[in-house]
Amino acid sequence: MASAVEAAIRSVVTKGVTTIAKLNRSMQDKDRVHPFLTGIHAPLSEERTLTDLRVTGAIPAELDGRYVRIGPNPFKPDPRGHHWFLGDGMVHGVRLKDGKALWYRNRYIRSLDLEEKGGPKAAPGPRRGRRDLVNTNVIQHNGKTLAIVEAGSFPAELDENLETVAYTDFGGTLKVPFSAHPHEDPLTGELHAVVYDGMVQDTVWHVVVTQDGRVIRQEPIPVQHGPSIHECSITRNYVLVFDLPVTFSMKGLIAGQQFPYAWNPQHQARVGLLPRNGSADQIVWCDVDPCYVFHVANSYEREDGVVVCDMSVHETMFAGGPDGPNGRALGMERWLIDPRSRKVERTTLDSAPQEFHRPDERYFGQPYRYAWSLGLPSEDSAFVGEAPIYRYDLQTGERQAHNFGPGKVAGEFVFVPRSADAPEGEGWVMGYVIDTRTDTTDLMILDASDMAADPIATVHIPHRIPPGFHGNWLPAA
């Protein structure tokens, strides 16, 4: 009975707060020039299919699959309370085969909210209430293409042509939200994720999806303040839980912010080492100086049991106002996490501002040598601007860079191995690059081991693809 009463009280409070938030949002300036709705971020107005794509250079014949990236593309943009992270999801993909670019397609994720706003008809499938916004990552697992997001929706399954087939809860086995950053263990084929729910402030979960697409673990982890956990990582024995001081903000929610998270200096920053099959009370929590982490390059265990984790780090995040992301970028760091002393030693590997680290995924959770990342235009960066792509040799300490030139704005680049058994780092990196002078976009393919060289191939797309979040190479079956 007590739980029923508590649920009723929470329901009333939530409805009241939501009403106040909507009122405060309606009083904001509807004509405001929002930085993430204008200029380079202005959304596309239509879905397109292009089959006559111009190519410069030679697309490697080994590439048979799709490069797909997803990001926000608000269907009916309203600057009041808007946040970059919450635009309607749109995927952009290029199909490569036999040295040719067969097509480019962009498609909305068919959500209920999109249909209600006058967009395409919603796809079928289970929802978590009405929460079905998906706009952050696209992966391939168990032969299926999945668009994913954190803190709310189930994944959305896409077909070969990027149309939304249905939302999925992995055959009824997923009972909690999913993550924008699950990591596949290449040794087991399992997906590991640390997930949170925007409506729950005292619990996050470790979720494991089997190689054949069933959820077999949803371990609850007690937390405080509702932390925003964008990333996780794995090693041979652990899952890394980043409990850092960006947390739910009731003040922001009441003010009408649609992404009510903010820097919280009262929240203790810590990283947890959760045994991969262990319970929450077995987590080894290690305090760390306040900072925020969006993206990890990789992590692994040394022979002495110390966990090594490389990542891009920010001094603060969402401390400079509601538009965000904002915060001073500290560059690439290596954390040595000692489960015996429960201490974290932080070392700067490169102070150059950067984000979106990617390794050779065949080595994820294991000792590795190479990582690639996207440079940021400044320390106080909003993630978008003229900046290079970096390659790190973590064995020699060498850094290579590819500079795209004036007016060129790159997004995340992903590594693609030349073959399944190619040596680590042998292959290509690829991603979208906007030309702000012509309002067009190129899919660029670079030699992953010689970043300074000219692109091996460039697929020219005759319009601007707004800056998005994450992309992946999805090889053909």
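Residues numbered from 1 in each chain as written. Predicted model: local features only at pLDDT ≥ 70, side-chain atom pairs only at ≥ 80, totals over all residues. Heavy atoms only, no water.

Focus: the overall build of the protein
Here is the rule we go by: Numbering of helices and strands runs from the N terminus; a helix is a DSSP stretch of H or I covering at least four residues, while a strand is a stretch of E covering at least two. The atom set for the radius of gyration is the C-alpha atoms, and the globule formula is 2.2 Å times the number of residues raised to the power 0.38. Accessibility here uses a 1.4 Å probe with only protein chains present; expressed as a share of the type maximum, an area under 20% marks a residue as buried, one over 50% as exposed, and anything in between as partly exposed. When checking whether two residues touch, look at their non-hydrogen atoms; a contact exists if any pair is within 4.5 Å. Computed with the Shrake-Rupley method and a 1.4 Å probe, the accessible areas treat only the protein chains shown as cover for residues.
On a plain count of helices and strands, the protein comes out with 3 helices and 33 strands. Taking 2.2 N^0.38 as the reference for a compact globule, 477 residues should give roughly 23 Å; the C-alpha atoms of the protein span a radius of gyration of 21 Å, in line with that estimate. In terms of its C-alpha atoms, the protein occupies a principal-axis envelope of roughly 70 × 60 × 40 Å. Burial statistics for the protein: of 477 residues in total, 59% are counted as buried. Considering only intrachain contacts with a sequence separation of at least 6, the fraction spanning at least 24 residues in the protein is 60%. Split by element, the accessible area of the protein, about 19200 Å² in all, is 50% carbon and sulfur.

A closer look at the sheet that holds strand E6 (residues 137–141)
The condition that has to hold: For two strands to be treated as a pair, DSSP must find no fewer than two bridges joining them. Geometry is summarised by axes, namely lines fitted to C-alpha atoms with helices restricted to the contacting stretch, and by angles between N-to-C directions that run from 0 to 180 degrees.
Strand order in the open sheet made by the 4 strands is E6-E7-E8-E9, with antiparallel pairing throughout. Each end of this open sheet is capped by a strand with a single partner; those strands are E6 and strand E9 (164–167). Across this sheet, the average inter-strand angle for adjacent strands is 30°, counted without regard to direction. For E6 and strand E7 (residues 144–148), the ladder comprises 5 bridges, and the chain directions are antiparallel. Within E7, the position partnered with isoleucine 139 by the bridge is leucine 146.

Brief notes about a nonpolar patch on the surface
Rule in force here: A patch consists of residues whose relative accessible area exceeds 30% and which take part in no salt bridge; residues with like charges are grouped when within 9 Å of each other, and nonpolar side chains (Val, Leu, Ile, Met, Phe, Trp, Tyr) when within 5 Å. One side-chain nitrogen of Lys or Arg within 4 Å of one carboxyl oxygen of Asp or Glu is enough to make a salt bridge.
On the surface, a cluster of nonpolar side chains totalling about 230 Å² of accessible area is made up of Ile20, Met250 and Ile254. Within the fold, isoleucine 254 resides in helix H3 (residues 250–254). Of the residues examined, isoleucine 254 reaches a relative accessible area of 32% and is grouped as partly exposed.

Some details on the packing of aromatic side chains
Definition in use: The pairing test for Phe, Tyr and Trp rings, Trp by its six-membered ring, is centres within 6.5 Å, and the orientation test on the planes gives stacked under 30 degrees, edge-to-face over 60, and tilted for anything in between. When the NZ atom of lysine or the CZ atom of arginine is within 6 Å of a ring's centre and also within 35 degrees of its normal, the charge is said to sit over that ring.
Within this structure, the stated rule accounts for 22 aromatic pairs. Taking 5.0 Å as the distance between ring centres and 80° as the angle between the ring planes, the aromatic pair formed by tyrosine 67 and tyrosine 432 counts as edge-to-face. Residue tyrosine 67 is found in strand E3 (residues 65–72), and its partner tyrosine 432 is found in strand E30 (residues 427–435); the two are separated by 365 residues along the sequence. Both residues of the pair, tyrosine 67 and tyrosine 432, count as buried. Seen in terms of ring centroids, tyrosine 370 and tryptophan 372 are 6.4 Å apart; in terms of plane orientation they differ by 35°. Their pairing is tilted. What makes tyrosine 370 buried here is its relative accessible area of 11%. Through successive ring pairs, a cluster of aromatic residues spans Phe36, Trp84, Phe85, Tyr196, Phe248, Phe259, Tyr261, Tyr292, Phe294, Phe318 and Phe469. A cation over a ring is seen here: arginine 127 above tyrosine 167, with NZ or CZ 3.8 Å from the ring centre.

Observations concerning the sheet that holds strand E20 (residues 296–301)
If you trace the 4 strands from one edge of the open sheet to the other, you get E20-E21-E22-E23, paired in antiparallel fashion. The sheet terminates laterally at E20 and strand E23 (343–350), the two strands that pair on one side only. For this sheet, the mean inter-axis angle between neighbouring strands, taken without regard to orientation, is 25°. Note: strand E22 (residues 329–338) against E23, 7 bridges, orientation antiparallel. If you follow isoleucine 337 over to E23, its bridge partner there is valine 344.

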